[in-house]
Amino acid sequence: MLPVYCPSCHAQLRVRRMQCEQCGTEVSGNYELPELALLSPDEQLFVLQFVKNSGSLKEMAALRRLSYPTVRNMLNEIIFKLNAYETK
Amino acid sequence: MLMKRNDFTGLLLNPFSRVAGWPALLAGLCVMALTAVVGYYAGALSDGVIDVHFVDDQANLTWRKAMLFPLVSHACLVVVCALISLIFTRNFRLLDLAGTLTFARVPFLFSMLAGLGVTLPSVAEIAADPFMLFRNVGFVIFLLVNVFVVVWVVVWMVYAVRVSCDLKSGKLAMVLILSIVVAEVLAKYLLVRI
């Protein structure tokens, strides 16, 4: 799992270095993590499944064997979190 | 195995993470009809939002009353709850709210079943000795089951509104308390005119 928060002070981490596994080239800088990476693994899986199911909450409910409003509330929570990241 | 048991306990507390909308509405209406039938034979009636009680005179309990009164009082709750919820959110489907609230009445069936076979003394006899009711084992069992069932129904109603309207804490409490009070008054007003 990609660490996104500092284990010491819980501030949001940034990307300083990336490496090509094939040739070993390293790219250094100070990059922001994509917003989706800030979501929990469960939430990321939800977004992935949601996109794969063409954004159908009905199909998501069937896939997860949950009720429609429960799935919609999960989506609302993710939207709320993403909006909060944007305004930070 | 432990996971399965936790799942089952979770569903007893909040079935609406799994069931809502049409399935909840249809199942709830079927159980409501069954509850009315059992209630008719038990001489009990659910003519309010969260109450079940014996009727004073069994002869007064007609099939029409047994079927219609719970339906009218429940319809009042759904309409009032939907209107009050609109103050805080527009992000809900009426079908989910109606379905989950209807399903939340399922435990009333146990109240009616507990009322089967209970023979109540006449009003005059109770007036002469009010404590005789508490020596009636069947009535005491009905009373205990009823208290448990009312708490259970209220818990399910809380989850029904929470899941359907995505409301939490203060807003959820306000919507539910206001809905129950207003719907109870409205139901009593309408039922005396039916």
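Just above sits the structure.
The structure contained in this document is the topic of the report that follows. Predicted, not measured: the structure shown is a model, and the values here were computed from it. (Residues numbered from 1 in each chain as written. Chains lettered and ligands numbered in written order. Predicted model: local features only at pLDDT ≥ 70, side-chain atom pairs only at ≥ 80, totals over all residues. Heavy atoms only, no water.)

### Things to note about the nonpolar core
Residues and elements named next belong to chain B.
And then number 1: Membership of the largest hydrophobic core comes to 55 residues, with the highest contact counts inside it found for Leu-97, Leu-101, Met-157 and Val-161.
And then number 2: Every element with two or more residues in this core is listed here: helix H2 (21–42), strand S1 (44–45), helix H3 (63–88), helix H4 (94–103), helix H5 (108–115), helix H7 (137–165) and helix H8 (169–191).
And then number 3: When near neighbours in sequence (up to four residues on either side) are disregarded, Val-161 contacts Cys-81, Leu-97, Leu-101, Asp-166, Leu-167, Leu-172, Val-175 and Leu-176. (Core = buried A, V, L, I, M, F, W, Y, C linked by side-chain atoms within 4.5 Å. Buried < 20%, exposed > 50% of the residue type's maximum accessible area, 1.4 Å probe, protein only. Helix = DSSP H or I, 4+ residues; strand = E, 2+ residues; numbered from the N terminus. Contact = heavy atoms within 4.5 Å.)

### Looking at the layout of surface pockets
And then number 1: Estimated volume of the largest pocket: approximately 300 Å³.
And then number 2: What lines the largest pocket is a set of 16 residues, among which Phe-54, Val-55, Asp-56, Leu-120 and Pro-121 of chain B lie closest to the centre.
And then number 3: Quantified by volume, the second largest pocket comes out at close to 200 Å³.
And then number 4: As for the second largest pocket, its lining consists of Thr-70, Asn-73, Met-74 and Glu-77 of chain A together with Asn-14, Ser-17, Arg-162, Val-163, Asp-166 and Lys-168 of chain B.
And then number 5: Per-element accounting of the lining of the second largest pocket gives the leading share, four residues, to helix H3 (residues 68–87) of chain A.
And then number 6: Taken together, the residues of the lining of the second largest pocket sort by class into two nonpolar, four polar and four charged. (1 Å grid on protein atoms, 1.4 Å probe; cavity = no way out; pocket = protein on both sides within 12 Å on 5 of 7 lines; lining within 4 Å. Points joined across faces, edges and corners; volume = space filled by probe spheres on them. Nonpolar A, V, L, I, M, F, W, Y, C, P; charged D, E, K, R; others polar.)

### Observations concerning the interface of chain A and chain B
And then number 1: Between chain A and chain B, the residue contacts involve ten residues of the former and 15 residues of the latter.
And then number 2: In total, chain A and chain B occlude about 890 Å² of area from one another, counting both sides; carbon and sulfur atoms represent 42% of this.
And then number 3: Taken together, the links from chain A to chain B amount to zero salt bridges.
And then number 4: On inspection of chain A and its partner chain B, the count reaches eight residue pairs in polar contact (both at pLDDT 80 or more).
And then number 5: Residue composition of the side of chain A that touches chain B, grouped by class: three nonpolar, four polar and three charged. (Buried area = accessible area lost by both parts, 1.4 Å probe. Salt bridge = Lys/Arg side-chain N within 4 Å of Asp/Glu carboxyl O. Polar contact = N/O pair within 3.5 Å; in protein donor to acceptor, adjacent residues only side chain to side chain.)

### Regarding empty space enclosed by the protein
Residue and element names in this part refer to chain B.
And then number 1: One pass over the structure, following the stated rule, counts one cavity of 30 Å³ or more.
And then number 2: As a volume, the largest cavity reaches approximately 100 Å³.
And then number 3: Around the largest cavity, the lining is made up of 13 residues, and of these Met-32, Thr-35, Ser-46, Pro-70 and Arg-105 lie nearest the centre.
And then number 4: Looking at the lining of the largest cavity, the elements with two or more residues in it are H2, S1, H3 and H5.
And then number 5: Per-class residue counts for the lining of the largest cavity are ten nonpolar, two polar and one charged.

### Some thoughts on unusual backbone geometry
Glycine aside, residues mostly have negative phi, and peptide bonds are mostly found in the trans state.
All names here are of chain A.
And then number 1: Of note in this structure, Ser-54 is not a glycine but carries a positive phi near 55°.
And then number 2: Structurally, Ser-54 can be placed in the loop between helix H1 (41–52) and helix H2 (57–64).
And then number 3: The exposed category is assigned to Ser-54, whose relative accessible area is 69%.

### Looking at a nonpolar patch on the surface
Residues and elements named next belong to chain B.
And then number 1: A contiguous nonpolar patch, built from Tyr-41, Trp-63, Met-67, Phe-110, Leu-113 and Leu-116 and spanning about 590 Å² of accessible area, is present on the exposed surface.
And then number 2: Elements supplying a minimum of two residues to the nonpolar patch: H3 and H5.
And then number 3: Position of Trp-63 among the secondary structure elements: in helix H3. (Patch = residues over 30% accessible without salt bridge, like charges linked within 9 Å, V, L, I, M, F, W, Y side chains within 5 Å. Areas by Shrake-Rupley, 256 points an atom, 1.4 Å probe, with all protein chains shown as cover.)

### Quick notes on the pattern of salt bridges
Residue and element names in this part refer to chain B.
And then number 1: Applying the stated criterion across every chain, the model contains eight salt bridges over all chains.
And then number 2: Among the salt bridges present, the one from Asp-7 reaches Arg-18, with a minimum N-O distance of 3.7 Å. Highlighted residues: Asp-7 in helix H1 (residues 2–13) and Arg-18 in the loop between H1 and H2, separated in sequence by eleven residues.
And then number 3: Of the residues examined, Asp-7 reaches a relative accessible area of 36% and is grouped as partly exposed.
And then number 4: Here Asp-96 ties to Arg-93 by a salt bridge, and the two come within 2.9 Å at their closest N and O atoms.

### Here's the deal with the environment of Tyr-68 of chain A
And then number 1: Among the structural elements, Tyr-68 of chain A can be located in helix H3.
And then number 2: Note: C-alpha distance between Tyr-68 of chain A and Lys-58 of chain A (ten residues apart in sequence) is 6.2 Å.

### Digging into the packing of H3 of chain B against H4 of chain B
For any two helices packed against each other, one specifies the crossing angle of their axes together with the interaxial distance.
Residues and elements named next belong to chain B.
And then number 1: In contact at an axis separation of 10 Å, H3 and H4 are set at 140° when each is read in the N-to-C sense. Judged by the inter-axis angle, H3 sits oblique to H4. As for the relative orientation of H3 and H4, their crossing is right-handed in sense. Across the interface between the two elements, His-74, Leu-77, Val-78, Cys-81 and Ala-82 of H3 pack against Leu-94, Leu-97, Ala-98, Leu-101 and Thr-102 of H4.
And then number 2: Tallied by class, the residues present in the contact of H3 with H4 amount to eight nonpolar, two polar and no charged. (Axes fitted to C-alpha atoms, helices over the stretch in contact; angles between N-to-C directions. Parallel < 35°, antiparallel > 145°, perpendicular 65-115°, else oblique. Left-handed = near helix turned anticlockwise from the far one by under 90°.)

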